[in-house]
Amino acid sequence: MARREYDESDAKVRPNRRGSRPRTKIRPAHEDAVLGTVIGVDRGRYTVQVDDAVVTAVKARELGRRGLVIGDLVGVVGDVSGRPDTLARIVRREERRTALRRTADDTDATERVIVANAEQLAIVTALADPEPNPRMIDRCLVAAFDAGMSALLVLTKADLADAAELRRAYEPLGVRVLETSVRRDGGPEADPGFVELRDALVDGTTVLVGYSGVGKSTLVNALVPDAGRAVGIVNDVTGRGRHTSTSAVLYDVPSGGRIVDTPGVRSFGLAHVDPTHFILAFPDIADAADERCPRGCTHESAEAGCELDAWAADVPDRHARVDSIRRLLASRAAGEAY
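Residues numbered from 1 in each chain as written. Predicted model: local features only at pLDDT ≥ 70, side-chain atom pairs only at ≥ 80, totals over all residues. Heavy atoms only, no water.

Student: Help me understand the overall build of the protein in this model?
Tutor: Summing up its helical and strand segments, the protein has eight helices and 13 strands in all. Residue burial in the protein is summarised as follows: out of 338 residues, 45% are buried. Look at the contacts in the protein between residues 6 or more apart in sequence, and 63% of them connect residues 24 or more apart. A total accessible area of about 19000 Å² is found for the protein, and carbon and sulfur atoms account for 47% of it. (Helix = DSSP H or I, 4+ residues; strand = E, 2+ residues; numbered from the N terminus. Buried < 20%, exposed > 50% of the residue type's maximum accessible area, 1.4 Å probe, protein only. Contact = heavy atoms within 4.5 Å. Areas by Shrake-Rupley, 256 points an atom, 1.4 Å probe, with all protein chains shown as cover.)

Right under this line is the structure:
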């Protein structure tokens with residue numbers, strides 16, 4: 001029996017299910033991408049402000065697991081008209097100037113970025129109903145200073161209690177303290193504290209954080225009349241409010257600036273904060289610590305070798321600042337989230 005000769009035509013080639021196009025690691029530059037700001041995030045869909053249009057977009061595959069949050073500056077391609085039933089694609093995230101972070105608790109090493117590119121944190125606290133929690137205020141301040149943001153302490157329901165004690169605790173840190181009562185007769189415009197707050201928001205983006213029930217949504221609705229944020233009440237038994245805002249949203253304030261309203265928080269973990277980096281938020285204290293304190297000083301007390309007491313000497317303002325900063329460091333080191 002003659003032996004059959006084979007040639008190329010007898011070879012069976014299995015087609016490539018992924019197509020014949022070779023894979024490449026080269027990604028398009030997307031030079032035509034337009035710049036926008038993420039103003040809303042909802043289950044894989046992103047609301048992006050592009051010039052005067054509000055665009056719905058998805059994240060491009062090449063971004064991988066890189067997360068996007070409110071305030072991120074992004075490059076967008078596709079249909080950026082903002083017309084109904086259109087979808088754009090986010091292909092790039094610009095470098096963040098600031099990033100406000102927190103962890104679930106002080107033992108959780110996973111950082112969660114809350115808002116990007118904001119310049120200011122406004123900690124909203126009621127003077128009564130519910131009672132203020134200084135430990136929560138301290139922890140929010142630590143996160144703000146660590147992120148390189150300035151801070152405001154906004155005290156709501158100022159007609160119900162005195163703010164002197166909180167002023168003494170936080171003004172030495174350079175924190176601006178504002179008292180508001182937007183429900184007083186005459187409306188928000190009749191409240192000097194509200195007018196002062198509105199003026200403090202004009203430049204840049206401010207993030208509002210605070211417990212549920214402290215009046216944050218009421219403030220947002222007064223600042224942005226068409227925001228329509230739901231307003232809740234405080235439980236008489238627990239002294240806490242229920243969550244009325246379920247997601248962070250960025251708003252343009254008609255009088256100038258932007259605000260980010262965040263859901264009410266009940267914990268603020270600080271596992272991501274390096275105490276040494278935190279001290280740098282206070283240049284005069286950082287310089288004194290660098291010149292006087294031994295290497296590795298935790299700045300907790302004179303007994304622990306800290307020389308900041310000697311630097312403060314007989315200067316009351318310096319002592320107040322050192323005491324306040326140590327209180328914040330103690331809050332970071334306590335290992336508790338409030």
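Student: Sorry if this is basic, but what is going on with the side chain of Thr 125 here?
Tutor: The topology assignment puts Thr 125 in strand β8 (residues 120-126). Exposure remark for Thr 125: the relative accessible area of 8% places this residue in the buried category. Leave out the neighbours within four places in its chain, and Thr 125 touches Pro 132, Ile 137, Leu 153, Val 154, Leu 155, Thr 156 and Val 214.

Student: Help me out: how do you make sense of the nonpolar core in this one?
Tutor: One recurring pattern in soluble globular proteins is that nonpolar side chains are buried together. Formed by 54 residues in total, the largest nonpolar core has its most connected members in Leu 121, Leu 141, Val 207, Phe 278 and Leu 308. Contacts of Val 207, omitting those with residues within four sequence positions, involve Leu 100, Val 115, Ala 118, Gln 120, Leu 121, Ala 122, Met 149, Val 260 and Thr 262. By size, the runner-up hydrophobic cluster in this structure holds 22 residues, among which are Val 124, Leu 219, Val 220 and Val 253. (Core = buried A, V, L, I, M, F, W, Y, C linked by side-chain atoms within 4.5 Å.)

Student: Is there a simple way to think about the environment of Arg 318 in this case?
Tutor: With respect to the element layout, Arg 318 can be found in helix α8 (residues 316-333). The contact partners of Arg 318, leaving out residues within four places of it in the chain, are Trp 311 and Ala 312.

Student: For this particular structure, what's the right way to read the pairing of strand β1 (residues 34-42)?
Tutor: Two faces, one strand: in a regular strand the side chains alternate between the faces of the sheet. By the bridge criterion, four bridges tie β1 to strand β4 (residues 73-78) in an arrangement that is antiparallel. Along β4, the bridge assignment pairs Thr 37 with Leu 73. Sheet topology note: the β1/strand β2 (residues 45-50) ladder contains five bridges and is antiparallel. Each residue of the ladder has a partner; that of Gly 40, found in β2, is Thr 47. Hairpin remark: β1 followed by β2, antiparallel, with two residues in the connecting loop; positive phi at Arg 43, about 50 degrees. (Pairing = 2+ DSSP bridges.)

Student: What is the right way to look at the packing of aromatic side chains in this model?
Tutor: Two descriptors summarise a pair of aromatic rings, namely the distance from one centre to the other and the angle between the planes of the rings. This structure, assessed with the given rule, holds three aromatic pairs. Pairing Phe 145 with Phe 278 gives two aromatic rings, centres 6.4 Å apart and planes at 40 degrees, and the pair type is tilted. Of this pair, Phe 145 sits in helix α1 (residues 134-146) while Phe 278 sits in helix α5 (residues 275-279), and the two are 133 residues apart along the sequence. Residue classification places Phe 278 among the buried residues on the basis of a relative accessible area of 1%. Where Phe 145 meets Phe 282, the ring centres are 4.9 Å apart and the plane angle is 75 degrees; that geometry is what we call edge-to-face. (Phe/Tyr/Trp six-rings, centres within 6.5 Å; stacked < 30°, edge-to-face > 60°.)

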